[in-house]
Amino acid sequence: MNDKLKNIDVLVYGSAIVDFICYVDRLPKVGETLHGHKFANGFGGKGANQCVAAARLGAESAMIAKLGTDSWGTQYVGQFKQERINVDFVKQCEGESTGIAQIAVSSEGENHIIIVAGANNKLNANDVTDAQELFENAKVLLCQLETPLEGTLAALQTFKGISILNAAPALKNTPTELLKAATILCVNETEAALMCQLDDIQTLNQAKTAVNKLLDMGASTVIITLGSQGAVYSSSKTKGKCVHVVANKVEKVLDTTGAGDAFLGALAYHLAQHPEKELHQHIGFANYVASYSVQFPGTQSSFPKAKDIQTILPQNYPYSEI
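Residues numbered from 1 in each chain as written. Predicted model: local features only at pLDDT ≥ 70, side-chain atom pairs only at ≥ 80, totals over all residues. Heavy atoms only, no water.

(A) Highlighting the nonpolar core. If you look at the biggest cluster of nonpolar residues, it comprises 53 residues, and the most contacted ones within it are Phe80, Ile164, Ile223, Phe263 and Ile283. If you tally residues by element for this core, the top one is helix H9 (residues 259-273), at 9 residues. Excluding residues within four positions of it along the chain, Ile283 makes contact with Ile223, Ala231, Tyr233, Val245, Phe263 and Leu267. Counting 45 residues, the second-largest nonpolar core is a separate cluster that includes Leu11, Leu156, Ala170 and Val211. (Core = buried A, V, L, I, M, F, W, Y, C linked by side-chain atoms within 4.5 Å. Buried < 20%, exposed > 50% of the residue type's maximum accessible area, 1.4 Å probe, protein only. Helix = DSSP H or I, 4+ residues; strand = E, 2+ residues; numbered from the N terminus. Contact = heavy atoms within 4.5 Å.)

(B) Just the pairing of strand S6 (residues 99-106), in detail. Of all the 8 residues making up S6, 6 are buried; the element is thus mostly covered by neighbouring parts of the structure. In this sheet, S6 lies alongside strand S2 (residues 17-24) in parallel orientation, the contact comprising 8 bridges. In the strand pairing of S6, Val18 is matched with Ile100. Of the pairings in the sheet, the one linking S6 to strand S7 (residues 111-116) comprises 6 bridges and is antiparallel in character. What sits directly across from Ala101, in S7, is Ile115. (Pairing = 2+ DSSP bridges.)

(C) Region of the structure containing the pattern of salt bridges. Taken as a whole and judged by the stated rule, the model has 9 salt bridges. Two residues, Lys91 and Asp130, come together in a salt bridge whose shortest N-O distance is 2.8 Å. Of this pair, Lys91 sits in strand S5 (residues 85-93) while Asp130 sits in helix H3 (residues 125-130), placing them 39 residues apart in sequence. A salt bridge links Lys239 to Asp216; the shortest N-O distance between them is 2.1 Å. Placement of the pair is Lys239 in the loop between strand S12 (231-235) and strand S13 (243-245) and Asp216 in helix H8 (residues 204-216), with a sequence separation of 23 residues. For Lys239, a relative accessible area of 45% corresponds to the partly exposed category. Several salt bridges share partner residues, and in doing so they unite Lys66, Lys91, Asp127 and Asp130 into one network. (Salt bridge = Lys/Arg side-chain N within 4 Å of Asp/Glu carboxyl O.)

Structure representation (structure tokens):
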């Protein structure tokens with residue numbers, strides 16, 4: 001057995017995408033060319049974001065992903081290594097482009113986004129088989145829905161530890177097999193509304209209704225994140241009992257991009273490090289990390305390291321039944 005794979009805390013099977021962002025006063029009309037006032041590019045993709053968030057906090061992390069053989073793919077491998085993430089199963093695919101997101105953002109915060117998945121579409125069940133050692137030894141598995149479902153399902157069904165499915169981007173008709181295969185289903189309020197075919201989720205009672213619907217659909221434990229309201233959760237074992245975990249309040253929100261990924265990476269890290277703790281404590285920690293990230297610009301660049309938060313973490317995380 002490869003010694004590097006023996007002590008992995010968090011294993012992420014999922015997407016890696018490079019973001020190209022143009023900031024403009026307003027979004028262009030069809031056929032129109034506009035001058036932008038700022039350009040930025042960064043490393044993204046829900047899978048990679050969540051892996052980086054966990055690694056920053058101190059988790060021994062590994063990524064299973066596919067990139068192109070272009071310069072962006074090579075740079076992304078370097079970025080993973082810089083974050084001290086195991087890349088033994090990050091493959092660069094000949095003839096494929098690295099996944100990219102072309103994003104235009106207006107001064108009002110509106111955006112146009114075009115995603116070309118590229119090599120992400122090549123991630124499949126064979127990659128699960130190839131990484132069998134990781135699946136046998138990691139403590140927590142994180143999956144999303146930015147890569148083909150067949151491979152994601154294989155990953156969840158193969159893993160014997162705690163698995164988290166972030167069902168995003170959300171599907172109106174999420175396959176029951178996916179929901180049943182994960183230990184924990186985690187979505188935000190918008191994703192939960194789509195999955196449950198609800199008009200909206202704004203209140204805690206509406207979130208409780210959605211949690212119960214998702215449990216009825218086959219999920220074992222459900223967490224719905226609610227931004228500044230924190231998160232709610234319940235499980236099939238305690239159905240009817242829904243718990244609200246309060247969010248940490250911040251004075252100024254600068255950029256909410258990637259806050260959900262910060263939450264998930266932190267949740268996986270905390271579950272791996274403190275398996276004896278109750279779920280509300282894991283969620284409370286994840287809420288705190290997410291609230292920290294929204295005070296800084298960017299996605300991965302906003303994720304805290306352990307030293308950034310260890311002196312300001314509260315002793316207890318407030319929660320109550322709803």
